[in-house]
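The lines below spell out each chain.
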Amino acid sequence: MGKFKKLREERKERPRFTEEQVQMVIGAVKPDCRPLFIFIRETGCRREEALSLQPWQVQEESEMVVFSENTKSKVYRYVPLTAAAIEAVNTLPRLKECPYVFYNPKTKDRWNDCRKPWEKARDVVGLSEMQVKDLRRHYAIELAEGEATMHDIQQVLGHASVATTEQHYAQFSPQHSARKILKVLEGGKRSQSGNKTETSVTMTLLANR
């Protein structure tokens with residue numbers, strides 16, 4: 001068996017969705033469960049973490065949400081809350097009979113997996129390939145392109161290693177590096193232009209002495 005070469009497994013790259021596309025799908029989700037997906041997009045949490053979220057985990061004063069027992073790794077992690085995330089958790093009134101932030105208004109209990117509303121919304125706008133986990137990936141890419149460190153992105157996503165974050169989530173767009181290089185080049189040209197101007201002014205002053 002050692003003589004046989006192991007076939008190389010080709011990993012199919014997930015399509016990268018734009019902010020406009022993400023907004024289109026979330027906007028098409030029915031209103032009573034839309035806050036759930038807004039919260040996932042704004043915090044990069046896993047679907048189960050959002051579904052099982054309880055009020056005590058939301059710390060509005062410090063603008064943080066703590067994920068603990070409902071995390072995949074069972075390790076506490078703190079994630080910042082944006083204004084949109086805070087609005088999402090406050091959309092539905094708190095119920096004494098329901099311990100969860102996001103729940104089905106009809107059953108007064110948490111959603112099971114909330115797949116059908118999502119799948120219906122993405123089909124309506126013609127983006128049937130978009131999965132809920134793409135909201136988490138979109139969050140990571142946004143952080144990476146905003147120049148957050150891989151270590152910090154790993155921490156808020158709750159990954160065991162930076163390698164997982166880099167390989168599957170915080171991937172730069174093909175245009176990102178080109179834009180950064182262009183910014184550096186243009187900055188260099190402006191700097192050189194500024195130096196030339198200063199040199200010209202200095203030479204003129206010396207000539208007039």
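As the structure is a computational prediction, the values presented were derived from the model and not from experiment.

J.: Before we go on, may I ask you to explain the overall build of the protein chain in this structure?
T.: If you tally the helices and strands in the protein chain, you get nine helices and three strands. Shown N-terminal to C-terminal, the secondary structure of the protein chain runs as helices and strands in the order α-α-α-β-β-β-α-α-α-α-α-α. Across the 209 residues of the protein chain, 37% fall into the buried class. Considering only contacts within the protein chain whose residues lie at least 6 apart along the sequence, 56% involve residues at least 24 apart. Total accessible area computed for the protein chain in this model is approximately 13800 Å², and 54% of it derives from carbon and sulfur atoms.

J.: Can you help me understand the sheet that holds strand 1 (residues 58-59) in this one?
T.: In sheet architecture, strand pairing relies on hydrogen bonds along the backbone and comes in two forms, parallel and antiparallel. An order of 1-2-3 is seen for the three strands of this open sheet, with the pairing classed as antiparallel. Lying at the two open borders of the sheet, with one neighbouring strand each, are strand 1 and strand 3 (77-80). Sheet topology note: the strand 1/strand 2 (residues 64-67) ladder contains two bridges and is antiparallel. Directly across from Val-58, in strand 2, lies its bridge partner Val-65.

J.: I'm lost on the pairing of strand 2 in this one. Help?
T.: Each regular strand shows side chains that alternate between the opposite faces of the sheet. Remark: four residues form the turn of the hairpin made by strand 1 and strand 2, two consecutive strands paired antiparallel; Glu-63 in that turn has positive phi of roughly 55°. As paired strands, strand 2 and strand 3 are joined by four bridges and run antiparallel to one another. Across the sheet, residue Met-64 finds its bridge partner in strand 3, namely Pro-80.

J.: Got a minute to help me understand the packing of helix 1 (residues 19-28) against helix 2 (residues 34-43) in this structure?
T.: When two helices pack together, their arrangement is given by the angle between the helix axes and the distance between those axes. One can describe the packing of helix 1 onto helix 2 by two numbers: an axis separation of 9 Å at closest approach and a directional angle of 155°. Judged by the inter-axis angle, helix 1 sits roughly antiparallel to helix 2. Touching Glu-19, Val-22, Gln-23, Ile-26 and Gly-27 of helix 1 are Arg-34, Phe-37, Ile-38 and Arg-41, all from helix 2. Its residues placed into classes, the contact of helix 1 with helix 2 shows four nonpolar, two polar and three charged.

J.: Explain a nonpolar patch on the surface to me, please; I cannot follow it from the model alone.
T.: A cluster of nonpolar side chains, Trp-56, Tyr-76 and Tyr-78, forms an exposed patch at the surface whose accessible area comes to about 380 Å². Along the chain, Tyr-76 falls in the loop between strand 2 and strand 3.

J.: Please explain the packing of aromatic side chains as it appears in this structure.
T.: The description of an aromatic ring pair uses the distance of the two centres, along with the angle that the planes make with each other. What the rule picks out here adds up to three aromatic pairs. A ring pair is formed by Phe-39 and Phe-67, whose centres lie 6.5 Å apart and whose planes are at 70°; its orientation type is edge-to-face. A residue pair is termed long-range when its members are at least 10 positions apart, and Phe-39 in helix 2 and Phe-67 in strand 2 qualify at 28 residues. In terms of burial, Phe-39 and Phe-67 fall into one category: buried. Ring geometry for Phe-39 and Phe-102: centres 5.5 Å apart, planes at 55°, overall tilted. Residue Phe-39 is located in helix 2, and its partner Phe-102 is located in the loop between helix 4 (83-89) and helix 5 (115-124); the two are separated by 63 residues in the primary sequence. The residues Phe-39 and Phe-102 share a single accessibility class, namely buried. Sitting above the plane of the Tyr-100 ring, Arg-110 keeps its charged end 6.0 Å from the centroid.

J.: Just to check I follow, could you spell out the nonpolar core for this structure?
T.: Nonpolar side chains in soluble globular proteins generally cluster together in the buried interior. Of all hydrophobic cores here, the largest spans 42 residues; its most connected members are Leu-36, Phe-37, Phe-39, Ile-40, Leu-53 and Trp-118. When near neighbours in sequence (up to four residues on either side) are disregarded, Leu-36 contacts Ala-50, Leu-51, Phe-102 and Cys-114.

J.: Help me out: how do you make sense of helix 7 (residues 150-157) in this one?
T.: Residues of helix 7 that are buried include every one of Met-150, Ile-153, Gln-154, Val-156 and Leu-157, and no others. The secondary structure elements touched by the buried residues of helix 7 are strand 3, helix 6 (133-145) and helix 8 (162-169). Among the residues trailing helix 7, Gly-158 stands out with phi positive, at a value near 80°.

About the thresholds
Residues numbered from 1 in each chain as written. Predicted model: local features only at pLDDT ≥ 70, side-chain atom pairs only at ≥ 80, totals over all residues. Heavy atoms only, no water. Helix = DSSP H or I, 4+ residues; strand = E, 2+ residues; numbered from the N terminus. Buried < 20%, exposed > 50% of the residue type's maximum accessible area, 1.4 Å probe, protein only. Contact = heavy atoms within 4.5 Å. Areas by Shrake-Rupley, 256 points an atom, 1.4 Å probe, with all protein chains shown as cover. Pairing = 2+ DSSP bridges. Axes fitted to C-alpha atoms, helices over the stretch in contact; angles between N-to-C directions. Parallel < 35°, antiparallel > 145°, perpendicular 65-115°, else oblique. Nonpolar A, V, L, I, M, F, W, Y, C, P; charged D, E, K, R; others polar. Patch = residues over 30% accessible without salt bridge, like charges linked within 9 Å, V, L, I, M, F, W, Y side chains within 5 Å. Salt bridge = Lys/Arg side-chain N within 4 Å of Asp/Glu carboxyl O. Phe/Tyr/Trp six-rings, centres within 6.5 Å; stacked < 30°, edge-to-face > 60°. Lys NZ or Arg CZ within 6 Å of the ring centre and 35° of its normal. Core = buried A, V, L, I, M, F, W, Y, C linked by side-chain atoms within 4.5 Å.

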